[in-house]
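One letter stands for each residue in the lines below.
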Amino acid sequence: MADFNKILTPGDVDGGIINVVNEIPAGSNHKIEWNRKLAAFQLDRVEPAIFSKPTNYGFIPQTLDEDGDELDVLLVTEQPLATGIFLEARVIGVMKFVDDGEVDDKIVCVPADDRNNGNAYKTLSDLSQQLIKQIEFHFNHYKDLKKAGTTKVESWGDVEEAKQVIKESIERWNKQA
């Protein structure tokens, strides 16, 4: 398997088109994570079935969030994407998130070339409010059966705020490289 952090860049952050590697298909309760040291996907745990992911879940290569992992992405598609694929994605916003006291923001994206939807999704306001509510509910509660109250969606940010979060994560990556 290719080491995504070596073969991919974060993409064109200023242009709002980034590279995303998918870890978890939408609808899965398997917490699959990229193991940076081994350059391989690893099943970290199996979540309760009621907490399956509401969107695909992945990361931006060559980034580090404040929690020490690659910057997470919530990738909205109509059908689940397989673990291990990568794509160019359009940044549409950011979910500001805290997990057990650590900043763990999630960049919200859609495929950059989505002909099925006519590339209609440009901002968070283009998503249904129901989907936004489901995402927020999931992340506020998915650890409730183990450590209730340890996760919190603090706010949602626009495309420019998302780009700033990505740029800061690239800076952290470059400092540790």
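An unreviewed UniProt entry lists the protein chain under the name Inorganic pyrophosphatase, with Neisseria macacae ATCC 33926 given as the organism.

Engineer: Can you explain helix α4 (residues 159-176)? Please cite residues and give values.
Structural biologist: Taking 1.5 Å per residue, 18 residues should reach 26 Å; α4 reaches 26 Å between its end C-alpha atoms and fits that length. Taken together, the buried residues of α4 touch α1 (4-7), β2 (17-24), β7 (86-99), β9 (106-111) and β10 (151-157).

Engineer: How would you summarise the pattern of salt bridges if you had to cite specific residues and measurements?
Structural biologist: Summed over the entire model, instances satisfying the criterion amount to 13 salt bridges. A salt bridge links Glu33 to Lys31; its shortest N-O distance comes to 3.4 Å. Within this structure, Asp44, Arg45 and Glu47 form a network of salt bridges that share partners.

Engineer: How would you summarise the UniProt feature "binding site: Mg(2+) 1" (unreviewed entry) in the protein chain if you had to cite specific residues and measurements?
Structural biologist: The UniProt record annotates "binding site: Mg(2+) 1" (unreviewed entry) at Asp67, Asp72 and Asp104. Across 38 residues in sequence, these annotated residues keep their C-alpha atoms within 10.4 Å of one another, forming a single compact spot. By the secondary structure assignment, Asp67 is in the loop between β5 (56-59) and β6 (72-75). Every residue in contact with Asp67, bar those within four places of it in the chain, is listed here: Glu102, Val103 and Asp104. Among the secondary structure elements, Asp104 is positioned in the loop between β8 (102-103) and β9. Assessed through its relative accessible area of 7%, Asp104 is described here as buried. Apart from residues lying up to four places away in sequence, Asp104 is in contact with Asp65, Asp67, Asp72, Phe97 and Asp99.

Engineer: Give me the lowdown on unusual backbone geometry, citing residues and values where you can.
Structural biologist: Here the phi dihedral of Ala39 falls at roughly 55°; this positive angle occurs in a residue that is not glycine. Structurally, Ala39 can be placed in the loop between β3 (30-35) and β4 (40-46). Assessed through its relative accessible area of 15%, Ala39 is described here as buried. Even without being glycine, Asn119 reaches a positive phi, approximately 50°. The residue Asn119 is located in the loop between β9 and α2 (129-141) in this model. Residue classification places Asn119 among the partly exposed positions, given a relative accessible area of 25%.

Engineer: So, the environment of Gly101: which residues are in play, and what are the values?
Structural biologist: For Gly101, the position within the fold is in the loop between β7 and β8. The exposure class assigned to Gly101 is exposed, which follows from its relative accessible area of 68%. A sequence separation of 49 residues divides Gly101 from Thr150, and the C-alpha atoms of the two residues are 7.3 Å apart.

Engineer: An account of the UniProt feature "binding site: Mg(2+) 2" (unreviewed entry) in the protein chain is requested, with residue identities and associated values reported.
Structural biologist: Per the UniProt annotation, the sites labelled "binding site: Mg(2+) 2" (unreviewed entry) are Asp72. Within the secondary structure, Asp72 sits in strand β6. Ignoring anything within four residues of it in the chain, the contact list for Asp72 reads Tyr57, Gly58, Phe59, Asp104, Asp105, Lys106 and Ile107.

Definitions and limits used
Residues numbered from 1 in each chain as written. Predicted model: local features only at pLDDT ≥ 70, side-chain atom pairs only at ≥ 80, totals over all residues. Heavy atoms only, no water. Helix = DSSP H or I, 4+ residues; strand = E, 2+ residues; numbered from the N terminus. Expected span 1.5 Å × (residues − 1). Contact = heavy atoms within 4.5 Å. Salt bridge = Lys/Arg side-chain N within 4 Å of Asp/Glu carboxyl O. UniProt positions renumbered as here; feature names shortened; annotations may be inferred. Buried < 20%, exposed > 50% of the residue type's maximum accessible area, 1.4 Å probe, protein only.

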